[in-house]
Amino acid sequence: MTKFAETVLNGLALGSVYALIALGFVVIFKASGVMNFAHGSILLLGGWTVTATHQAVGFPLAVLCGALAAGAAAGLLHALAARGLRGAEAPVLTILTIGVDLLLVTALNARIGPDFLSTGDPWGDAVARFGGVAVTQSRLAGIVVSVLLIGGVFALFRWSRWGLSMRAAAADQEAAALMGIRLHRVRLAAWCLAGALAAVAAVFLAAFPAPGLDRTTGQIALAAFPAAILGGMDSAVGALAGSLVIGLSSALAAGYQEQLSGLGTGLADVAPYLVMVLVLLVRPNGLFGSKELSRV
Amino acid sequence: MRTTTRLAAAVAVLALTATACSTKGSSADGAVGKDGVKTGPGVTDSTITMAALTDLTGPYASLGKSIVNAQQLWVDQTNATGGICGRKLRIVVKDHGYDVQKAVTAFTEVEPDAALLTQVIGSPVVAAIKQDLNGKHLLALPMAWASTMLGQPYIQVVGSTYDVDMITGVDFLTRKAGLVAGDRIGHVYFEGEYGENALAGSKSAATKGGLTLVEQKIKPTDQDLTAQVSALREAGVKAVLISAGPKQTAALVGAAAGQGLAVPVLSSAPGFAPQLLDTAVGAALERQLYVVSAISPVSAEVSAMRQLVQDYQAKYPGAPVDSGVASGWSAAQVAAEALSAACAAKDLTREGIAAAHRKTTALNILGVPMNFSDVAKAPTRQAYILKPAKGVTGGLATVEGAHEVKG
């Protein structure tokens, strides 16, 4: 029972960090129809900024710096793409993000090298115990912060003018533009927000029991992809649900690898994708994705 | 008519390109130098050119850099005392970033002008060029220790293999954790040659000791091993083996410390990097981790090693002195011995170098005796048991010196 509770708690912690990343994918996709493949490297940039600044300004300000840097980088990427490739279709911009990802990762790798960088987080290797269930404090903090941030983003969607513009733009760009919504600003804000969320995710990915931020930290963004797709690429609630499903399924598959050995070893790695395919077979638009309607 | 002309022009261009490509080799096989020594590819009257396929930009960049540095140190020192066989040494280093395609391209580029390969990083890379190495009789020294590389006449593993290391490791853990028949031990391992070869060793040792092995297979992209640790704790393991990368070792020990799984953890040599000691997991690593290594630690109390560390630090001030320095230097010693013996036999062709290498039966490399005469066997079955220790050169202190465990 302890093991089950621990595994579930871990799955939730992992899922909540995935949710920060997946939400970024969704926000960008909703606003501009682009799949941002540079999200992993933007996450790495945010995390690296935290590691580079925490000694000078302290952890909380460093996280703010990281979020600002990642947000600015994502915003810049959007601004450059929107300006340089004016009128380009979303698929072209999607391909562009792959190129930017390569550039950014290479530049960051040259700085990070073989090191494991500390973000200077206050949790260190402290462990919280609930009865027999042990979980690191950084994991708990990850869950709390993710819940707060995601709640904040949902509130923003629901009650702010920007959220309204965003929903309008996602529903029908042309109509939104005709109603006086400045699409460019809405999109820019979406990209910046996604970048900032990724930077916060980087802090928790680098926290104990991980040894720190290293050159491969950004690769975790790939794990959040199935989460975003599973939930429905244009649904924020879907991203959250998808992330929790993915986090739990990979944690359970890894935790019960021995019992599941009849299905072959290494199930934990394919579990997220397996769940994604199964869900998509039943609901092709994801758990909460909106159905595409076309009049004939 | 115009089509024919164009076709002819295209064929001519192709033919010219092909000719340009095929004139790359510098010295013909079987030529005899002024000093009466038969020479082969890469060997002229004044120079012996070798090649290295390394990783300077990929996941093993830090290791690759140390290996390249250590081997360059050997080249410089040897050249300062007149070289080998009256010829200066030279290593052409190619970075493949752990990308097999790039590595194969780099190999095709350097192969025609190489007398031997002083390092090849990556089991997948070795597997990709294996046929060519054997076909072209080019001796290669891989920086990988899987037993699948044994039995290949032109591939020489320098040290004991992962499976043998694990047998040594299980023996150590049995004594350390007081394991008795019926106890359970865990093994977390990478999919692929490295992890699976290590697993073969732990399985064999577990069977022999009456232990039950709990297996957990992971991938190099896995960053969080909390669920695996929960499973191991639930299974009641008394010790854990891990054959993965440094990041996974740290993630495992970190999670074990977090969950109160205070059992000894033993890692294969590639699973440790000294950089880990400065992280939040550093203290847990010093408490719980052991490393089994076929190559002597750079902190070993062996005069050859002390000299190497001193020379290395003088030549590359500030560069980390890690296990790559020792393994790069060890491979260089094998190359040096093979070249010197081939020179004595007046045959510096590739076949001559490989044949001379196989006659080396007692080469002491940094305190470990090695015998290269049997293609099917690793040159040694000895391995060290080490322990992470901050402040020690290379981050590893010796717990048990090089020794062999019958398995």
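Thresholds, definitions, all that
Residue positions are counted from 1 within each chain, in the order its sequence is given. Whichever chain is written first becomes A and whichever ligand is written first becomes 1, with later ones labelled in order. Side-chain atom pairs in this predicted model are given and counted only at pLDDT of 80 or more, local residue features only at pLDDT of at least 70, and totals for whole chains, interfaces and linings cover all residues. Here the side-chain values reflect all heavy atoms present in the structure, with hydrogen atoms and water set aside. The disulfide definition used here is simple: a pair of cysteine sulfur atoms within 2.5 Å. Secondary structure elements follow DSSP: runs of H or I of four or more residues count as helices, runs of E of two or more count as strands, with numbering from the N terminus. Exposure classes here rest on a 1.4 Å probe applied to the protein chains alone. A residue is buried below 20% of its type maximum, exposed above 50%, and partly exposed in between. For our purposes a nonpolar core is just a set of buried Ala, Val, Leu, Ile, Met, Phe, Trp, Tyr and Cys residues, chained together by side-chain atoms within 4.5 Å. Working rule for contacts: check all heavy atoms of both residues, and any pair within 4.5 Å makes them a contact. Neither His nor the chain ends contribute to the count of charged residues, in which Lys and Arg are positive and Asp and Glu negative. We define a salt bridge as a side-chain nitrogen of Lys or Arg found within 4 Å of a carboxyl oxygen belonging to Asp or Glu. Each polar contact in these results corresponds to two N or O atoms within 3.5 Å; when the atoms are within protein, one needs to be able to donate a hydrogen and the other to accept it, and residues that are neighboring in sequence are counted only if both atoms are side-chain atoms. Pairing between strands is defined by DSSP: at least two bridges between the two strands are required. Two parts lose some accessible area (1.4 Å probe) when they are put together, and adding that loss for both gives the buried area. Three classes are used: nonpolar for Ala, Val, Leu, Ile, Met, Phe, Trp, Tyr, Cys and Pro, charged for Asp, Glu, Lys and Arg, and polar for all others, with Gly counted as polar.

(A) Region of interest: the state of the cysteines. Overall, the coordinates contain one disulfide over all chains when judged by the stated rule. The side chain of Cys85 of chain B participates in a disulfide bridge whose partner is Cys343 of chain B; the two sulfur atoms lie 2.0 Å from each other. The S-S bond linking Cys85 of chain B to Cys343 of chain B shows a torsion near 80 degrees; that makes this disulfide right-handed. A residue pair is termed long-range when its members are at least 10 positions apart, and Cys85 of chain B in the loop between helix H2 (61–80) and strand S4 (88–95) and Cys343 of chain B in helix H11 (residues 323–344) qualify at 258 residues. The two residues Cys85 of chain B and Cys343 of chain B agree in class, both being buried. The closest cysteine sulfur to the non-disulfide-bonded Cys65 of chain A is located on Cys192 of chain A, 16 Å from its own sulfur. For Cys192 of chain A, a relative accessible area of 27% translates into the label partly exposed.

(B) Quick peek at the nonpolar core. All names here are of chain B. Formed by 130 residues in total, the largest nonpolar core has its most connected members in Trp74, Leu117, Leu252, Leu266, Leu339, Leu348 and Ile353. The element contributing the most residues to this core is H11, with 12 residues. Contacts of Trp74, omitting those with residues within four sequence positions, involve Met50, Ile84, Leu89, Ile91, Thr118, Trp329, Ala332, Gln333, Ala335 and Ala336.

(C) Main features of the side chain of Asp55 of chain B. By the element assignment, Asp55 of chain B lies in the loop between strand S3 (47–54) and H2. Of the buried charged residues, Asp55 of chain B lacks a salt bridge, with Arg215 of chain A as the closest side chain of opposite charge at 6.5 Å. At a separation of 3.2 Å, a polar atom in the side chain of Asp55 of chain B contacts the main-chain amide nitrogen of Thr57 of chain B. Aside from chain neighbours lying at most four places away, what touches Asp55 of chain B is Tyr60, Ala61, Gly64, Lys65, Asp95, His96, Gly97, Tyr98 and Ile121 of chain B.

(D) Layout of the sheet that holds strand S1 (residues 31–32) of chain B. Residues and elements named next belong to chain B. As summarised here, the arrangement of the three strands in space is S1-S2-S12, forming an open sheet in which the pairing is mixed. Looking at strand neighbours, the two that pair on one side only are S1 and strand S12 (347–348), the edges of this open sheet. Relative to S12, strand S2 (residues 38–39) is paired through two bridges, and the arrangement is parallel. Bridged to Thr39 within S12 is Leu348.

(E) Expanded view of the interface of chain A and chain B. With 34 residues of chain A in contact, the opposing surface of chain B contributes 37 residues. The contact between chain A and chain B buries some 2800 Å² in all, and 52% of this surface belongs to carbon and sulfur atoms. By the criterion of area lost to chain B, the three top residues of chain A are Phe116, Pro211 and Asp269 of chain A, representing 19% of everything that side buries. Taken together, the links from chain A to chain B amount to three salt bridges. Across the pair Asp224 of chain B and Arg139 of chain A runs a salt bridge, and its minimum N-O distance is 2.3 Å. The interface formed by chain A and chain B contains eight residue pairs in polar contact (both at pLDDT 80 or more). Elements represented by at least two residues in the side of chain A that touches chain B include exactly helix H1 (2–32), strand S1 (127–130), strand S2 (133–136) and helix H10 (236–255) of chain A. Considering every element that reaches the side of chain A that touches chain B, the biggest residue donor is H1 of chain A, with six residues. Residues of the side of chain A that touches chain B, tallied by class, amount to 12 nonpolar, 12 polar and 10 charged.

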